[in-house]
Amino acid sequence: MKSAVETLNPTRVRLTVEVPFEELKPSLDAAYKKINQQLSIPGFRKGKVPARVIDQRVGRGAVLEEAVNDALPKIYQDAVNEGELSPLGQPEVDITELKDGELLAFTAEVDIRPELEIPDYSGIEVTVDAVEVSDEDVAEALDQLRDRFATTSVVERAAAEGDVVKLDLEARVDGELLDDGVAKGVDYTIGSGRLLDGIDEAVTGLEAGAEATFASELKGGSAAGREAQVTVRVETVSARELPELDDEFAQLASQFDTLDELREDSRERLGRQKQYEQATSAQEKVLEELLELVEVPIPEKLLQDEVETRRHNLVNHQLGQLGMDFDAYLKMQEKTAEEFDAELKEQAEKGIRTQFVLDEIAKREQLSVSQEELTEHLMRRAQSSGMSPDQFAKAVVEGGQVPMLVGEVSRGKALATVVESVKVVDTNGEPVELDDEDETAETVEAVTETESTEAPAAEGDKDEAGEAKSTS
């Protein structure tokens, strides 16, 4: 086999390959054997039809086509390896010459990972908020805890902010009651903003048995995004009573005996939370600065695929789970379709650039992923997905997504390497130490979101190569 690589642009190449016919013999034999099993010719046992008879009955051209389709994936992969290429996606294959007994020649155009120059990034410097927990922060945390232990009791008075009301609701659009527009016995805390716009104003001042009608845009269901006339009837009004903030409450709500111990624990928890937020902010800022330093050409087809993948995930999975269609989502976000597409393209570009840059750093720094690191990452991903580790691991293996997880860990380690070598200070001018690779992996995942830039395996090229058309 002879192959040559022609660079069409920084992200696309054309392979020109010539294969002596004798190298096709294993595939030619396999083609005859396959066709033999499919033929039933009087006078010959199944699978024992001579090649010359197959040529007469089926045609030598059909045999050659079967042989070429069988051979192309391996030949293509050998040419990729010989050219030391990192392909992205399937190749566009054209058979330029096929001479029986002499030669097979074809070209294959494919997108590749661009060669990147990673400059010295040790001069990056970012500033993040200092970790400071105020008395007000602690007081707010304790108030939220008290809120969880609040009790309610039915009262005979008009509803006011903070009360819990039990409601029956009916939603009509253009005067027609919606099939999914009826809800009964809904508990709602006035002022929480967790139901419909306008409901707080409608129910405030109503006593049990009273009702009101108000206009509101529906957030979900069959008429999501449309304005409806909602009739709400108050069944009961209950007042919420917060427990006293004392030692007795500390014993009720925690493992501590005193309020002072609970307060100190809350301060420590808030401190750890703010440290995590500080670390995430630092990683995001370092990543932004790093991307500014590197010029990253992006294959147009790869970008298109990434945009479509993100759109598909949003429309068919995320919005579907919320019972919302795309138009309602745009209206809720106060965006036009054009604005959404522009933002999605920008996010996709950043995700691809992040993958390319961090993969190059991981390669340059010779960062490997151990089984222990992969297992820890899998456990964390399983927890965030709501699946058990065994279920998640099975889904990953069956979906062929192990390389995706390895890539996530590798990129997290690459970003951690960069963060360790740059200067991070807080708003007080104090240096910030960051060393949690799991957090950097989360930062990378948030940016990249999908893994559509993984190079396909050799077997994955088979369909495209197998459907190649001759241009000779």
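Procedures and definitions
- Residues numbered from 1 in each chain as written.
- Predicted model: local features only at pLDDT ≥ 70, side-chain atom pairs only at ≥ 80, totals over all residues.
- Heavy atoms only, no water.
- Salt bridge = Lys/Arg side-chain N within 4 Å of Asp/Glu carboxyl O.
- Helix = DSSP H or I, 4+ residues; strand = E, 2+ residues; numbered from the N terminus.
- Polar contact = N/O pair within 3.5 Å; in protein donor to acceptor, adjacent residues only side chain to side chain.
- Contact = heavy atoms within 4.5 Å.
- Core = buried A, V, L, I, M, F, W, Y, C linked by side-chain atoms within 4.5 Å.
- Buried < 20%, exposed > 50% of the residue type's maximum accessible area, 1.4 Å probe, protein only.
- Axes fitted to C-alpha atoms, helices over the stretch in contact; angles between N-to-C directions.
- Parallel < 35°, antiparallel > 145°, perpendicular 65-115°, else oblique.
- Nonpolar A, V, L, I, M, F, W, Y, C, P; charged D, E, K, R; others polar.
- Pairing = 2+ DSSP bridges.
- Phe/Tyr/Trp six-rings, centres within 6.5 Å; stacked < 30°, edge-to-face > 60°.

Asks: Please set out the pattern of salt bridges residue by residue, giving values where relevant.
Replies: One pass over the structure, following the stated rule, counts 31 salt bridges. Arg14 is paired through a salt bridge with Glu109; the nearest N and O atoms lie 2.9 Å apart. Linking Arg14 in strand 2 (residues 12-20) with Glu109 in strand 4 (residues 103-112), this pair joins segments that are 95 residues apart in sequence. The structure contains a network of salt bridges with shared partners spanning Glu6, Arg12, Arg14, Glu92, Glu109 and Asp111.

Asks: Talk me through the side chain of Asp163; I want residue IDs and the actual numbers.
Replies: Among the secondary structure elements, Asp163 is positioned in the loop between strand 6 (151-154) and strand 7 (164-173). At 2.7 Å, the side chain of Asp163 and the side chain of Arg157 are in polar contact. In this view, Asp163 contacts Arg157, Ala158, Tyr188, Thr189, Ile190, Val237, Ser238 and Ala239; residues no more than four positions away in its chain are not counted.

Asks: So what about the nonpolar core? Which residues, and what values?
Replies: In terms of nonpolar packing, the biggest core is built from 45 residues, with Leu290, Tyr329, Val357, Ile361 and Val424 touching the most fellow members. When residues of this core are assigned to their parent elements, the largest contribution, 9 residues, is made by helix 10 (residues 337-364). Other than its neighbours up to four places away in sequence, Ile361 contacts Ile118, Tyr121, Leu290, Ala414 and Val418. Grouped together as the second largest cluster of nonpolar side chains are 33 residues, Leu39, Ile41, Ile75 and Ile95 included.

Asks: Could you give me a rundown of the packing of helix 11 (residues 371-385) against helix 13 (residues 402-421), with the residues and numbers involved?
Replies: Interaxial distance between helix 11 and helix 13 falls to 10 Å at its minimum, and their mutual angle equals 105°. The pairing of helix 11 with helix 13 is recorded here as roughly perpendicular in orientation. Taking contact as the criterion, the partners of Glu373, Leu374, His377, Leu378 and Arg381 in helix 11 are, on helix 13, Val402, Met404, Leu405, Val406, Glu408, Val409 and Lys413. Partitioned by chemical class, the residues of the contact of helix 11 with helix 13 number 7 nonpolar, 1 polar and 4 charged.

Asks: Describe in detail the pairing of strand 9 (residues 211-217), supporting the description with residues and values.
Replies: Alternating positions in strand 9 separate cleanly, Ala212, Phe214 and Ser216 being buried on one face and Glu211, Thr213, Ala215 and Glu217 remaining unburied on the opposite face. Taken together, the 7 bridges between strand 9 and strand 10 (residues 227-241) define a ladder with antiparallel strand orientation. Residue pairing across strands places Glu217 opposite Glu227, the latter belonging to strand 10.

Asks: Describe unusual backbone geometry, naming the residues involved and giving the relevant values.
Replies: Located in the positive-phi region is Asp174, a residue other than glycine, with phi close to 55°. The topology assignment puts Asp174 in the loop between strand 7 and strand 8 (176-189). Relative accessible area serves as the criterion here: at 69%, Asp174 is assigned to the exposed category. Of note in the backbone geometry, Glu334 takes a positive phi value of approximately 55° without being a glycine. The topology assignment puts Glu334 in the loop between helix 9 (326-333) and helix 10. The exposed category is assigned to Glu334, whose relative accessible area is 72%.

Asks: Please give an account of the packing of aromatic side chains that cites residues and values.
Replies: Tallied over the full model, the rule gives 3 aromatic pairs. Each ring, one from Phe149 and one from Phe249, has its centre 6.0 Å from the other, and the planes form 90°; the classification is edge-to-face. Placement of the pair is Phe149 in the loop between helix 4 (135-148) and strand 6 and Phe249 in helix 6 (residues 247-253), with a sequence separation of 100 residues. Centroid distance Tyr329 to Phe340: 6.1 Å. Interplanar angle 85°. Geometry classified as edge-to-face. Of this pair, Tyr329 sits in helix 9 while Phe340 sits in helix 10, and the two are 11 residues apart along the sequence. Ring-pair connections join several aromatic residues into one group, and the members of that group are Phe326, Tyr329 and Phe340.

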